[in-house]
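Listed below, chain by chain, are the residues.
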Amino acid sequence: MEYILSASGVKYLNLIEYPEINIEENKMTFISGESGVGKTTLFRLFNGTASPSEGKIFFRGEDISETDTISLRRKICLVSQEPYLFEGTVKDNFDTYYSYRGDAPPGEEEMKHFLSVCCADFPVERNCLFLSGGEKQRLFTAIFLSFSPEVILLDEPTSALDEITANKMMSGIREHCRENGITALVISHDKGMIGRFADSVITLERRHD
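Residues numbered from 1 in each chain as written. Predicted model: local features only at pLDDT ≥ 70, side-chain atom pairs only at ≥ 80, totals over all residues. Heavy atoms only, no water.

Draft legend 1. Inspection of the overall build of the chain at higher detail. If you tally the helices and strands in the chain, you get seven helices and ten strands. Its C-alpha atoms put the chain at 55 × 40 × 30 Å along the principal axes. Taken over 209 residues, the chain has a buried fraction of 48%. Sequence separation of at least 24 residues holds for 72% of the intrachain contacts in the chain that already meet a minimum separation of 6. Of the roughly 10400 Å² that the chain leaves accessible, carbon and sulfur atoms contribute 45%. (Helix = DSSP H or I, 4+ residues; strand = E, 2+ residues; numbered from the N terminus. Buried < 20%, exposed > 50% of the residue type's maximum accessible area, 1.4 Å probe, protein only. Contact = heavy atoms within 4.5 Å. Areas by Shrake-Rupley, 256 points an atom, 1.4 Å probe, with all protein chains shown as cover.)

Printed below as a string of structure tokens:
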């Protein structure tokens, strides 16, 4: 089987050592493990934000160290746990992020669609200054999902949400990813959520010499 993402013999700064990791395409894979085992660092390695000190990361069978980093990050989008939004409205944030990518922004109806997918049904004219932490998290996720990446990396995407909203959001994201051929990786400590939404689970552990 050819995997969309793989890690082979990877170490980071000689502090974190990863097992052999293989990610199936068009699946929702959860990454679990206690704090400090390198879950967020793994995501940064996968999209080229960080580089391994040893080993190789492969995307569609190609060593990502030999690929264009900007192109890679357009295909593998990392949605960090802490949302970064600009001043202005919801629409302004879509527009600004697309301008940085050099792309035309989606229309308002398309924006509303992605907001709905992420259980963020508020007007595109809403000023982001008045959004709650959970609303900002959902908006941030909706923007990155709208980029239609091949892989989306979600780092604790429901950490600021109540259980009902978290389940609705993850259900919407899973359905959207399945319908659009997007591979999703999710970092979560929530065993209930993992049981409900994971197609597969990779548990990272501390590795000792």
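Draft legend 2. Molecular detail of the pattern of salt bridges. Taken as a whole and judged by the stated rule, the model has eight salt bridges. The salt bridge involving K56 is made with D63; its shortest N-O contact spans 3.2 Å. Classification of K56 as partly exposed rests on a relative accessible area of 39%. Here D103 and R101 are joined by a salt bridge, their closest N and O atoms 3.6 Å apart. Its relative accessible area of 29% is what places D103 among the partly exposed residues. (Salt bridge = Lys/Arg side-chain N within 4 Å of Asp/Glu carboxyl O.)

Draft legend 3. Inspection of the packing of aromatic side chains at higher detail. A full pass over the atoms with the stated rule returns eight aromatic pairs. Geometry around F147 places R101 over its ring, the cationic atom sitting 3.9 Å from the centre. (Phe/Tyr/Trp six-rings, centres within 6.5 Å; stacked < 30°, edge-to-face > 60°. Lys NZ or Arg CZ within 6 Å of the ring centre and 35° of its normal.)

Draft legend 4. View of the nonpolar core. Counting residues in hydrophobic clusters, the biggest one holds 41 residues, and the most contacted among them are F94, L115, L139 and I173. If you tally residues by element for this core, the top one is helix α5 (residues 133–146), at six residues. When residues no more than four places from it in sequence are discounted, the contact partners of L139 are L85, V90, F94, L115, F122, C128 and L131. Within the second largest apolar cluster, 27 residues are counted, among which are L72, I76, L185 and L204. (Core = buried A, V, L, I, M, F, W, Y, C linked by side-chain atoms within 4.5 Å.)

Draft legend 5. Representation of helix α4 (residues 108–117) in the model. For α4, the set of buried residues is M111, F114, L115 and V117. One side of α4 carries all its buried residues, which in axial view fall inside an arc of 160°. Backbone geometry just after α4 places C119 at a positive phi near 55°. (Arc of directions from axis to C-beta.)

Draft legend 6. Seen up close, the pairing of strand β4 (residues 28–32). The element β4 is largely enclosed, with a buried count of five among its five residues. By the alternation rule, side chains of β4 split into M28, F30 and S32 and T29 and I31, which are all buried. Pairing between β4 and strand β9 (residues 183–187): four bridges, direction parallel. Bridging across to β9, I31 finds its partner in I187. (Pairing = 2+ DSSP bridges.)

Draft legend 7. The sheet that holds β9, seen in detail. Here five strands make up an open sheet; going across it, the order is β7-β8-β9-β4-β10 and the pairing parallel. Taken across any chain shown, the strands that pair with only one partner, and hence form the sheet edges, are β7 (76–79) and β10 (200–203). Between one strand axis and the next, the sheet turns by 20° as a mean value, whatever way the strands run. Note that β4 and β10 share four bridges and pair parallel. When the sheet's bridge partners are listed, I31 is paired in β10 with I202. (Axes fitted to C-alpha atoms, helices over the stretch in contact; angles between N-to-C directions.)

Draft legend 8. Spotlight on the packing of helix α3 (residues 90–101) against α5. Running from amino to carboxyl end, α3 crosses α5 at an angle of 40°, the nearest separation of the two axes being 10 Å. Taken together, the axes of α3 and α5 are oblique relative to one another. Judged by the twist between their axes, the crossing of α3 over α5 is right-handed. Residues V90, N93, F94, Y97 and Y98 of α3 lie in contact with α5, whose contacting residues are L139, F140, A142, I143, F144 and S146. For the contact of α3 with α5, the residue count by class is nine nonpolar, two polar and no charged. (Parallel < 35°, antiparallel > 145°, perpendicular 65-115°, else oblique. Left-handed = near helix turned anticlockwise from the far one by under 90°. Nonpolar A, V, L, I, M, F, W, Y, C, P; charged D, E, K, R; others polar.)

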